[in-house]
Amino acid sequence: MRHLRNFDDAATETDSLVTIGVFDGVHRGHQSLVRDLVERARAARRKAIAVTFFPHPDKVLDKTSERYYLTTPEKRAEFLLALGLDYVITLPFDESIRQLSASAFVDRLVGDLRMRELWVGADFALGFQREGDVPYLRAQGAARGFTVNAVALVSADDERDLISSSRIRECLRRGDVSMAREMLGRAYALEGTVVAGDGRGRGIGVPTANLAIWGEQLVPANGVYATWVQLGDDSYMAATNIGRRPTFSGDNITVEAHLLDFSGDIYGEKAELRFEQRLRAEQRFNGLEELVAQIDKDIAATRRLLRVVRG
């Protein structure tokens with residue numbers, strides 16, 4: 001098992017290189033740091049380990065109830081391990097971790113993981129009230145036999161715009177899934193189970209797969225998107241609506257994907273929804289005829305766009 005939940009299970013007799021962070025989304029900045037760490041670890045014949053947390057410290061300290069995460073803890077570990085790490089350790093961010101001093105945290109890293117190098121972002125800090133900033137950790141390293149590599153943050157297409165999980169959340173909240181993709185290095189994705197809806201789509205000739213999404217993951221802004229739906233080994237173009245369906249006076253936000261060139265019963269199946277581009281904002285129509293006409297335009301736009309992406 002390479003995804004672990006505590007330091008004890010990761011105790012190693014081999015020296016290691018360690019990186020610490022929340023890594024929500026595992027965006028291009030995270031990827032760059034981890035790839036460099038793994039390359040260095042392989043050259044030095046040492047283990048490559050990432051330490052992360054769940055829940056997100058922001059959720060615990062700010063006590064926000066809104067959807068926030070860019071990935072589930074399991075998906076985050078999957079992305080990190082795919083970069084070549086030997087272990088991902090997801091620690092529970094509870095009161096004991098929150099109040100752990102920087103010195104005590106370093107004790108665990110050096111004692112359990114035999115840490116010889118610590119790789120972090122330039123703005124990193126650990127321990128109670130963020131006392132363990134980079135200068136502090138470098139002083140600890142000089143006394144305890146490890147070095148600290150503070151890595152510069154990665155920028156997006158504009159050098160002034162640094163990539164961060166916070167910026168990606170901002171993009172998704174305004175529906176800019178294209179910029180989110182630029183910073184993530186892949187399409188933003190939601191995973192869920194296909195569940196029964198109210199049948200309105202089928203009733204107007206546009207059946208949809210309604211996805212039950214993890215309640216903590218951030219859903220892009222209401223609107224219509226060109227997406228891909230992954231079902232097992234097969235991928236389908238899909239025009240996806242996120243919103244309250246104002247034409248039908250809906251109350252709850254739903255995620256409904258109309259799979260192009262597909263027919264079949266997929267209730268209960270797991271699906272992954274990947275966002276390529278927002279087509280339009282959610283809007284209310286004056287009756288079914290107007291709604292269906294716009295859906296036809298959305299389907300045509302989805303087909304044109306995704307053929308370009310695939311091609």
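So, a few notes on the structure that sits alongside this text.

Conventions adopted
Residues numbered from 1 in each chain as written. Predicted model: local features only at pLDDT ≥ 70, side-chain atom pairs only at ≥ 80, totals over all residues. Heavy atoms only, no water. Pairing = 2+ DSSP bridges. Helix = DSSP H or I, 4+ residues; strand = E, 2+ residues; numbered from the N terminus. Axes fitted to C-alpha atoms, helices over the stretch in contact; angles between N-to-C directions. Contact = heavy atoms within 4.5 Å. Salt bridge = Lys/Arg side-chain N within 4 Å of Asp/Glu carboxyl O. Buried < 20%, exposed > 50% of the residue type's maximum accessible area, 1.4 Å probe, protein only. Parallel < 35°, antiparallel > 145°, perpendicular 65-115°, else oblique. Left-handed = near helix turned anticlockwise from the far one by under 90°.

1. Observations concerning the sheet that holds strand E11 (residues 223–231)
Thinking step 1. Strand order in the closed barrel formed by six strands is E9-E10-E13-E12-E11-E14, with antiparallel pairing between adjacent strands. Each adjacent strand pair in this sheet contributes to an overall mean axis angle of 45°, direction not counted.
Thinking step 2. The pairing of E11 with strand E14 (residues 270–281) spans eight bridges and is antiparallel. In the strand pairing of E14, threonine 227 is matched with phenylalanine 275.
Thinking step 3. Here helix H8 (residues 177–184) sits on the sheet in contact with strand E9 (188–195), E11 and E14, set at roughly 125° to E14.

2. Describing the pattern of salt bridges
Thinking step 1. Within the structure shown, the criterion is met by 22 salt bridges.
Thinking step 2. Salt-bridge contacts for glutamate 74 lead to arginine 5; the nearest nitrogen and oxygen are separated by 3.8 Å. Pair noted here: glutamate 74 is in helix H3 (residues 73–82) and arginine 5 is in the loop between strand E1 (3–4) and strand E2 (16–20), with a separation of 69 residues, a long-range link.
Thinking step 3. Take arginine 5: its relative accessible area is 41%, and that puts it in the partly exposed class.
Thinking step 4. The shortest N-O distance in the salt bridge between arginine 108 and aspartate 8 comes to 3.1 Å. Of this pair, arginine 108 sits in helix H5 (residues 102–113) while aspartate 8 sits in the loop between E1 and E2, and the two are 100 residues apart along the sequence.
Thinking step 5. Connected via shared salt-bridge partners are Lys75, Glu78, Glu191, Glu272 and Arg274.

3. Side note on the packing of H5 against helix H6 (residues 134–144)
Thinking step 1. Where H5 contacts H6, the axes come no closer than 11 Å and their chain directions differ by 45°. When the axis of H5 is compared with that of H6, the two are oblique. Relative to H6, the crossing made by H5 is right-handed. Counting all contacts with H5, which are made through Ala102, Ser103, Val106, Asp107 and Val110, the residues of H6 involved are Tyr136, Leu137, Gln140 and Arg144.

4. A short note on unusual backbone geometry
Thinking step 1. Of the consecutive residues phenylalanine 54 and proline 55, the connecting peptide bond is found in the cis state with omega at 5°.
Thinking step 2. In this model, phenylalanine 23 sits at a positive phi of 60°, which is unusual for a non-glycine residue.
Thinking step 3. Residue placement: phenylalanine 23 occurs in the loop between E2 and helix H1 (28–44).
Thinking step 4. For phenylalanine 23, a relative accessible area of 5% gives the class buried.
Thinking step 5. Residue glutamine 129 is not a glycine yet carries a positive backbone phi of 55°.
Thinking step 6. Within the fold, glutamine 129 resides in the loop between strand E6 (125–126) and strand E7 (132–133).

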